[in-house]
Structures are given as C-alpha cells and as structure tokens.
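What follows is the residue order along each chain.
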Amino acid sequence: MLKLQLKGAVALALLCFLNYQTEAQAILNKVKSAAKNKAANAIFGDNDAPSTPSVSEGDERSGRPMNNTSGGLITTPPDVGKSIATAESSFSAKKYGEARYALQQAIVGIEMEMGNKVMESLPEKVAGIAFVKESDKVTSTGMAFVGLTIFREYYNNDKAIDITVANNSSLLMSANMYLANPAYTSGQENIKSVTVQGFKGVLEFSEYDGYKLSVPLGQTSIAIMKMVNFADESAALKVSDAFDLAGIQKQLGDKIN
Amino acid sequence: MKKIYILALIVTVFGLTASAQNDFTASTATAMNEYKAGNLEEARFALQQSLAEVDKEIGKEILEILPKSIAGFSFVEANDNVSGNSSSFGGLFVHRDYGDTTKSVAIDLMDNSPMLAGINSLLAMPMIMNSSDGSQKVVKVSGYKALLQRKDATQAVGGYTLQIPFNQSLFTVDFDGAFTESEVTSAANAMPISEVAKLTY
C-alpha cells in the first residue's frame with residue numbers, strides 16, 4: 001500500500017514538473033519572440049504596430065488576405081545542355097524514367113527558343129492595330145500531341161485580331177481533314193477553302209466570332225488567325241497578308257512539299 | 001552445343017543493349033551539336049529520336065514484369081511488341097498476347113495517350129458509368145479505378161475490356177472469349193499494375 005502511494009506521489013510530482021517545464025518553455029518562447037521583434041524594429045525602423053496583411057475590397061468580409069505580393073513562377077525555359085547531360089547520365093544508369101523526363105525538358109527548352117523566335121518575327125501592328133504585349137504567349141509541353149504554340153493578339157475598341165501558330169499539334173488535324181476532303185468545305189455555308197500566300201487554307205465565318213483562317217504550314221505546323229469586325233471576306237483575308245507565313249514555316253523547320 | 005547457344009544468347013542480348021545505347025548516344029550527340037549550331041528543329045528531332053529509344057527501354061522493362069501467363073494461358077512471345085513513338089499520338093506502346101484462337105487476353109499499354117483524358121473524366125463520374133444494362137461499370141484493380149466493359153451485354157459469359165488509366169498512360173486488358181467477370185477481375189488483380197505505373201512515371 002505504501003509502495004503504491006509512493007508511486008502515485010512520484011507520478012504526480014513528475015506531471016507537475018512537466019507542466020512547469022511546458023509553461024516555462026511557453027514563457028521563454030514569448031520572451032524570445034518579443035526580443036526578436038524589438039531587434040527587427042530597431043534594425044528596420046518599423047513601429048510597434050502589428051503588421052496587417054493587405055486585404056482586398058472584395059474579401060473584407062472573410063478577412064482572408066488576397067495574394068498581391070507573390071512574385072509568380074520563374075519562366076526561364078529549361079537549360080537544354082544540362083537537360084541533355086542529365087538524360088545521358090540517367091540513361092547510362094538505366095534510370096529510364098529520369099532520362100525521359102530530362103529529354104522532355106530539353107525539348108521544352110528548344111521549343112521555347114523556337115517559339116520566341118517566331119514571336120519576334122510577328123508584326124507589332126496589323127491593319128493599323130498594335131499588338132497587346134501582355135497577351136504574348138509561347139507554350140511548350142514537350143509532348144507530341146500538344147506541342148508548341150505561339151499566341152499574339154491585336155485589338156482596339158473596334159476590331160480584334162489574333163494569331164496562334166501551333167507546331168506538332170493536334171490542332172493541325174482538323175484543318176488538314178477539311179483540306180483533304182473538299183466535300184467538307186463545299187457542303188457547309190460558313191466554311192470554304194482559300195489560298196493565302198501560296199498556302200492552302202480554310203476560312204470559316206460565324207456571326208459571333210467573325211472570321212477564322214486556318215493555314216497548315218507544312219507537315220506539322222499550322223497558323224490560325226481570327227479576325228473580328230472586318231467588313232467582309234476580302235478585308236479579313238487582307239489582314240492575313242501581314243503575317244509572313246513562309247517565314248514562320250521556315251523557322252519551324254517544316255517542309256511543305 | 002548448349003554452351004554455344006548460351007554464348008549466342010549472351011552476345012545477342014549484349015548486342016541489342018549496346019545497340020540501344022549507341023542509338024541513344026548518337027541521337028543525343030546529334031541533338032547537342034545541332035543545338036549548338038542553332039538548328040533548333042534538327043535538335044528537337046534528334047531529341048525525339050532519343051526519347052523513342054528511352055521509351056523502347058522502358059517498354060522492354062514492362063514486358064519483363066508482365067506475367068508469363070494469365071488465366072491459365074501462356075503468353076505468345078512472338079507477338080510481344082514495344083515501340084517508342086517519337087512524335088504524333090502516343091509515346092510508348094507495349095503489347096502482349098496470351099491464349100489461343102478460342103480464348104485470348106491482350107495487354108496494351110499506351111503512354112502519353114490522348115485517350116486518357118476521356119477515360120479519366122468518365123471514371124470521375126461512376127454514377128454515369130455504371131450502366132443499367134450491365135455493359136459497363138467502374139471497378140478497382142490493385143487499388144486503381146478501372147473501367148470494365150462487357151463486349152456483348154446480352155450474354156452472361158463473354159469478352160471484356162478493362163481500361164486502367166494512371167500517370168499519362170492507359171493500360172488496357174482485352175479478354176476475348178468465354179470469360180466470367182470474376183475471372184477477369186482476378187486475372188487483372190494478379191497483374192503488376194503498380195510496378196508498371198512506377199516505370200512509366
């Protein structure tokens with residue numbers, strides 16, 4: 001009985017000691033934190049007021065801060081040389097999954113360079129309308145059926161034009177299907193075959209979207225131009241003359257015949 | 001005589017391995033040279049060739065781990081097929097056949113498959129996928145959701161197709177002949193799906 005009481009007393013003492021230690025630790029942490037804040041304020045000249053994260057107007061009710069200070073993602077394309085070296089070493093070590101990933105990264109790196117060159121070659125003004133720099137977009141996935149895409153748009157209050165150049169993309173299939181089967185184009189009111197700068201293409205019209213011209217550029221590339229609020233077919237086709245289709249095709253290394 | 005056969009086999013295996021290594025090394029070297037010369041399209045083409053070589057090696061490893069027999073049927077070695085497609089639709093493709101003319105099983109693995117999006121969206125809606133006529137339903141195979149379809153819904157016993165998406169791959173097992181659903185699911189559960197998924201990741 002005495003032994004049991006003794007054990008109980010020891011356990012109680014241990015609990016008290018642990019509790020004391022926890023509280024002591026909490027107090028110590030608070031002191032440390034306060035000291036750190038004081039030191040930071042002394043260095044950076046901040047005042048004692050606690051900093052409140054900015055809250056957007058629309059989110060005031062919840063009090064949850066909106067993201068408005070983060071820097072975003074790094075958009076530097078993968079290093080081609082390094083990716084190829086990684087692929088070689090991974091392949092030698094029979095790490096095929098890693099080798100494949102590294103090769104895909106190398107392809108993305110190369111495609112981004114190709115895309116940026118095509119982007120640079122696109123005109124800054126079309127039909128008197130300046131391009132919207134923030135909308136410029138080069139996308140590559142390193143995967144065959146998605147491929148490389150380059151997008152630029154031009155618009156003012158009245159008219160809008162955009163061009164998408166796709167390389168190694170499934171977007172090519174539908175246009176080629178139309179071109180290979182004239183019945184598709186002749187049987188539909190809003191779609192027809194046209195020739196632009198010596199390239200065969202497909203011109204579509206819809207009341208809502210305006211004109212859309214799809215021109216396959218060789219085996220694996222296509223340029224798709226959309227023109228909104230142009231008076232008629234000839235005005236829309238004239239817009240497409242602003243884009244050097246043969247030059248784009250050459251830059252993408254595609255053969256036409 | 002036996003020693004000669006073994007020696008020939010070793011030479012063949014090493015020869016093939018060396019050939020794959022050589023093809024890979026040659027195409028990556030070409031890619032690097034073309035890239036340095038500013039010929040971006042040529043560099044990309046060479047890298048796609050390298051990618052196809054890597055895919056072929058992955059495919060060979062997958063064939064190694066696939067079962068030698070399914071539902072009592074041995075595999076048909078002559079029909080084993082691996083291809084690494086450097087462009088267009090589908091990167092890696094692996095095929096293996098089992099059985100004979102009356103009952104057969106075929107495994108197809110398609111990696112980087114554009115068909116994957118369709119299957120995945122269907123699997124996300126099991127209420128829609130479980131059809132009332134019993135022709136298709138969502139099942140689990142080795143922990144993976146899969147779409148099981150009966151080829152002829154009017155028959156209690158018949159062919160089945162099982163489609164299992166994972167990573168960027170679509171693993172399809174086609175059961176042709178008088179198979180029951182339990183035979184199909186137990187055969188599928190005996191397959192090393194998780195290991196295949198690891199190899200294609």
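Residues numbered from 1 in each chain as written. Chains lettered and ligands numbered in written order. Predicted model: local features only at pLDDT ≥ 70, side-chain atom pairs only at ≥ 80, totals over all residues. Heavy atoms only, no water.

### Here we look at the overall build of chain B
Here is the rule we go by: Put simply, DSSP marks the helices as runs of H or I at least four residues long and the strands as runs of E at least two long, and each gets a number from the N terminus on. Whether two residues are in contact is decided by their heavy atoms: any pair within 4.5 Å suffices. Only the protein chains shown count as covering a residue, and every accessible area follows the Shrake-Rupley method with a 1.4 Å probe.
Helices and strands together make up the secondary structure of chain B, namely 6 helices and 9 strands. In chain B, 50% of the contacts between residues at least 6 apart in sequence involve partners at least 24 apart. For chain B, the accessible surface area stands at approximately 10100 Å², while carbon and sulfur atoms represent 58% of it.

### Brief notes about the packing of aromatic side chains
Defined as follows: For Phe, Tyr and Trp, where Trp contributes only its six-membered ring, two rings pair if their centres lie within 6.5 Å, and the inter-plane angle classes them as stacked under 30 degrees, edge-to-face over 60, or tilted in between. A positively charged side chain is recorded as over a ring if its NZ (Lys) or CZ (Arg) lies within 6 Å of the ring centre. The angle to the ring normal must also be within 35 degrees.
All told, the structure shown has 8 aromatic pairs over all chains when counted by the stated rule. Cluster of aromatic residues (ring-pair linked, three or more members): A:Phe91, A:Tyr96 and B:Phe24. Above the plane of the ring of B:Phe75 lies B:Arg96, whose end atom (NZ or CZ) is 4.1 Å from the centre. Directly above the aromatic system of B:Phe179 lies the positively charged group of B:Lys103, at a separation of 4.5 Å from the ring centroid.

### Quick word on the environment of B:Leu199
Residues and elements named next belong to chain B. The condition that has to hold: Exposure classes here rest on a 1.4 Å probe applied to the protein chains alone. A residue is buried below 20% of its type maximum, exposed above 50%, and partly exposed in between.
With respect to the helices, strands and loops of the structure, Leu199 is situated in helix H6 (residues 193-200). Exposure remark for Leu199: the relative accessible area of 23% places this residue in the partly exposed category. Along the primary structure Leu199 and Ile62 are separated by 137 residues, whereas in three dimensions their C-alpha atoms are 7.3 Å apart.

### Side note on the side chain of B:Thr161
Residue and element names in this part refer to chain B. We count it as follows: Under the rule applied, a polar contact is a pair of N or O atoms within 3.5 Å (in protein, one hydrogen donor and one hydrogen acceptor; residues adjacent in sequence only if both atoms are side-chain atoms).
With respect to the helices and strands, Thr161 occurs in strand S8 (residues 158-166). Take Thr161: its relative accessible area is 16%, and that puts it in the buried class. Here Asp174 takes part through its side chain, which lies 3.0 Å from a polar atom of the side chain of Thr161. Once residues lying within four places of it in the same chain are set aside, the contact partners of Thr161 are Leu147, Leu148, Gln149, Lys151, Thr172, Val173 and Asp174.

### Thoughts on the environment of B:Ala188
Residues and elements named next belong to chain B. Within the fold, Ala188 resides in helix H5 (residues 181-189). The class of Ala188 is buried, set by a relative accessible area of 0%. Between the alpha carbons of Ala188 and Ala71 there is a distance of 9.4 Å; along the sequence they are 117 residues apart.

### Quick word on the sheet that holds strand S6 (residues 136-141) of chain B
The pairing of strands in a sheet comes from backbone hydrogen bonds and takes either a parallel or an antiparallel form. Residue and element names in this part refer to chain B. Under the convention used in this document: A pair of strands is treated as paired once DSSP finds two or more bridges between them. Note on geometry: axes are lines fitted to C-alpha atoms, helical ones only across the stretch in contact, with angles between N-to-C directions running from 0 to 180 degrees.
Judged by pairing direction, the sheet is antiparallel, and its 7 strands sit side by side in the order S3-S4-S5-S9-S8-S7-S6 without closing on themselves. This sheet does not close on itself; its edge strands, each paired only once, are strand S3 (81-84) and S6. Mean inter-strand twist for the sheet, computed between neighbouring axes without regard to direction, equals 15°. Bridge analysis of S3 against strand S4 (residues 92-99) gives 4 bridges, and the strand direction is antiparallel. Considered in S4, the bridge of Gly84 is made with Leu92. Strands in contact with H5 are S6, strand S7 (144-150), S8 and strand S9 (169-179); relative to S9, the strand with the most contacts, it is inclined by about 140°. Where H6 meets the sheet, its contacts fall on S4, strand S5 (104-111), S6, S7, S8 and S9, and the angle it forms with S8 comes to roughly 45°.

### Focus: the nonpolar core
Stated formally: Buried Ala, Val, Leu, Ile, Met, Phe, Trp, Tyr and Cys residues form a nonpolar core when they are joined through side-chain atoms within 4.5 Å. Each domain span listed reflects an automatic or database assignment of domains.
One finds A:Leu245 and B:Phe171 to be the most contacted residues of the largest nonpolar core, which totals 87 residues. Considering each element in turn, this core owes the most residues, 12 residues, to helix H3 (residues 96-121) of chain A. Residue assignment places this core across two domains, with domain 1 (76-121) and domain 2 (124-251) of chain A each supplying three or more. When residues no more than four places from it in sequence are discounted, the contact partners of B:Phe171 are B:Leu66, B:Ile107, B:Asp108, B:Leu109, B:Leu162, B:Gln163, B:Ile164, B:Phe166, B:Met191, B:Ile193 and B:Val196.

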